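# Structural characterization, general
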Amino acid sequence: MRFTTFLACSLCLIALQPVGAESLKIVNPPKDYATASTSIYFTGSVSPGGSLSVNNQNVPISALGYFAWTIPLQVGSNVFAWTYRHGDGQTETVARQVTRRLARPTVPKNRAYLDIQFPVTKQQVRPGEPLCLQAVATPGAQLQATIHDQVLRLFEQPPQVDPADTGALLSGKSILPPLVGIYSGCLPADQSWQGENVKFNFSWQGQMIAQNAPGTITTLTPRQLTVVEVITSEAIIRAGGGSDFARLTPLPKGVRSVVTGTSGDWLRLQGEGWIAQKDIKVLPAGTPVPRSVVRAFGTRTTAVGSELRIPLQSLLPYSVRQEEHRLVVTVWGAQSQTDIIRFVSHDPLIRSVQWEPASPEGVRYYIDLTQARQWGYQLRYEGTSLIVAIRKAPKLSKRLKGIRVMIDPGHGGEQPGSMGPSGIPEKTVNLAIAQRLRTALQKAGATVIMTRDQDATVSLDKRNALLAQQLPTVFLSIHNNALPDQGDPLKTYGTSVYWYQMQSRSLAQTLHDQLIKDLGSPDYGLFWDSLVVIRPTESPAVLLELGFMTHPEEYALLNRPDYQNRIAQSVAVGLEHWIQTKQP
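From a predicted model like this one, the values you see are computed outputs, not experimental measurements.

### Considering the packing of aromatic side chains
- Inspection of the entire model under this criterion finds eleven aromatic pairs.
- Ring geometry for Tyr-318 and Tyr-381: centres 6.0 Å apart, planes at 50°, overall tilted. Of this pair, Tyr-318 sits in strand β28 (residues 318-323) while Tyr-381 sits in strand β34 (residues 377-382), placing them 63 residues apart in sequence.
- Overall, Tyr-381 belongs to the buried group, its relative accessible area being 14%.

### Points about unusual backbone geometry
- Following Asn-28, the chain continues into Pro-29 via a peptide bond in cis, with omega recorded as 0°.
- Geometrically, the link from Phe-118 to Pro-119 is a cis peptide bond, its omega value of 5° lying close to zero.
- Within the secondary structure, Pro-119 is located in the loop between β9 (114-118) and β10 (123-125).
- Its identity as a non-glycine residue notwithstanding, Asp-32 has a phi of 50°, on the positive side.
- With respect to the helices and strands, Asp-32 occurs in the loop between β1 (25-28) and β2 (33-35).
- The backbone phi angle of Asn-56 is positive, close to 70°, even though this residue is not glycine.
- Relative to the elements of secondary structure, Asn-56 occurs in the loop between β4 (51-54) and β5 (57-59).

### Concerning the packing of helix α5 (residues 505-519) against helix α7 (residues 561-580)
- Viewed as axis vectors pointing N to C, α5 and α7 meet at an angle of 140°, and their least axial separation amounts to 9 Å. Overall, the two elements α5 and α7 adopt an arrangement that is oblique. The hand of the α5/α7 crossing is right-handed. When α5 is examined against α7, the residues Ser-506, Leu-507, Thr-510, Leu-511, Gln-514, Leu-515, Asp-518 and Leu-519 are found in contact with a partner set consisting of Tyr-563, Arg-566, Ile-567, Ser-570, Val-571, Val-573, Gly-574, Leu-575, His-577 and Trp-578.
- Taken together, the residues of the contact of α5 with α7 break down into ten nonpolar, six polar and two charged.

### Considerations on the side chain of Asp-485
- With respect to the secondary-structure elements, Asp-485 resides in the loop between β38 (474-481) and β39 (495-499).
- Nearest to the buried, unbridged Asp-485 among oppositely charged side chains is Arg-101, at 7.1 Å.
- Here the side chain of Asp-485 touches Tyr-33 through a polar contact of 2.8 Å, side chain to side chain.
- Here the side chain of Asp-485 touches Thr-35 through a polar contact of 2.7 Å, side chain to side chain.

### Overview of the pairing of strand β17 (residues 227-230)
- Here β17 shows two buried faces, one formed by Val-227 and Glu-229 and the other by Val-228 and Val-230.
- In this sheet, strand β21 (residues 256-263) lies alongside β17 in antiparallel orientation, the contact comprising three bridges. Looking across to β21, one finds that Val-228 is bridged to Ser-257.
- Of the strand pairs in this sheet, β17 and strand β24 (residues 280-282) are connected by three bridges, and their pairing is antiparallel. Within the sheet, the bridge partner assigned to Glu-229 lies in β24 and is Lys-281.

### Focus: the state of the cysteines
- Counting across every chain of the model gives one disulfide.
- The disulfide bridge from Cys-132 ends at Cys-186, spanning 2.0 Å between sulfur atoms. Measuring the twist about the S-S bond at about 105°, one finds the Cys-132-Cys-186 disulfide to be right-handed. Residue Cys-132 is located in strand β11 (residues 130-137), and its partner Cys-186 is located in strand β14 (residues 182-188); the two are separated by 54 residues in the primary sequence.

The rules behind these values
- Residues numbered from 1 in each chain as written.
- Predicted model: local features only at pLDDT ≥ 70, side-chain atom pairs only at ≥ 80, totals over all residues.
- Heavy atoms only, no water.
- Phe/Tyr/Trp six-rings, centres within 6.5 Å; stacked < 30°, edge-to-face > 60°.
- Helix = DSSP H or I, 4+ residues; strand = E, 2+ residues; numbered from the N terminus.
- Buried < 20%, exposed > 50% of the residue type's maximum accessible area, 1.4 Å probe, protein only.
- Axes fitted to C-alpha atoms, helices over the stretch in contact; angles between N-to-C directions.
- Parallel < 35°, antiparallel > 145°, perpendicular 65-115°, else oblique.
- Left-handed = near helix turned anticlockwise from the far one by under 90°.
- Contact = heavy atoms within 4.5 Å.
- Nonpolar A, V, L, I, M, F, W, Y, C, P; charged D, E, K, R; others polar.
- Lys, Arg positive; Asp, Glu negative; His and termini not counted.
- Salt bridge = Lys/Arg side-chain N within 4 Å of Asp/Glu carboxyl O.
- Polar contact = N/O pair within 3.5 Å; in protein donor to acceptor, adjacent residues only side chain to side chain.
- Pairing = 2+ DSSP bridges.
- Disulfide = S-S within 2.5 Å.

Next comes the structure, spelled out in structure tokens:
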């Protein structure tokens, strides 16, 4: 039965708890809300039996009194008068003000304007490294920059459309207009630069502006090598110099690396990746550059799987990439003198290990695996030996017997999550579904571990720590969705599943397909996303967005015990199918 048919019939046949008599309630947006979106959606509830309008425009109400409505916004203050007329003719009104701010400043076309974009913080770069200066200025101007005694012309670029961000991907709409007036130019870093100021000279219709960039440029030299050491238990590594860049493989405490560049409070490490200043300490001048030769190494088996042990002379930075049938591990600062690799005879997990030099300085290891599916892995140091630990498959039995499942009801306590039209928070719905899922999995023979089984605040770090401690077979995070400001809650609803590590891809697909089949809900999609609770590598882990709290009718379903049971049964069936299937 399709979702819309089931919904219509169920609302006719089953009486759900109606909204209370206090009537008109606006849940979203909150009072005096500000946004850069070109539109805003309202959600809320009324007592059934009357009529609802906003600024004299009629708004439909669901059978239970829930509503959602999208309204365009003008720049500045927008006032919305909501009026509900009861069946007996009495009325009540609620006012909301929403302020729309510009997503970014408008570049004027009729006056001189200059806004330097790079460099805005102190930069340290390697000699010869391309250095691209950038500014936003009045279109049609002449712009050049001077560093030391070098003059560089900056050329105006065609209008640029920003790549879709998360909000645009989820709502199908972008709030950012094309960028105009972008000027850029690149030159190689000169080895003599030391704290150089960058002076921008602007000319437009006879008007001149001379302005120094906020940031300076320094070129690193071999005589100024800086060695740093990680001081946090697990340091976040980014693909660029800032917290908005994608995460890479984290590094443990004690790892040392040479700094190859800086951008403000971020340092670029040898090989790849950037680390925040707060996560490292700078070692004294003259500290030896972290390096190690790699000679003989080999594999070993343990109670939980197989391990590759790579002896090193010091703790070096590393990165890892998981593919469907192998792990690719790169150790930066390593130099291979390998002439022999010892394998455990008939190793149950590791088929072979190959290596090659990695540029700049490093060694890349290709660990080919025997299993059709990966069940988790971990990188750690034992002394100065890097251990790549690979988990073996669980002993499969009838249904889910012998399988350990960790269920993570999203949010909780002081973290309510999204809010439905009647004011029930996502944390409550997540927990109710998770508890029913626990029962369904236990009936199928699984051992179930909950990250929370009551309305309690559990940090994301604590949830990950529980996963690492308990080492479940799989990790399932239960959530329900909401839209960004520019979304349309009446047109957007359905089920989606998220994964991050490659080992979780097939699990996400299987559960997604099973839920769509069993619930008949719209297919909102399958997503790769760098979410905290599904980034751990120890177990396959997925996050399920089972429906939208912002869609009035889907929200009503998500709060019904019978629908929650259908979700639980569907996830249990999907997990059993995935567990018993030998293919990845």
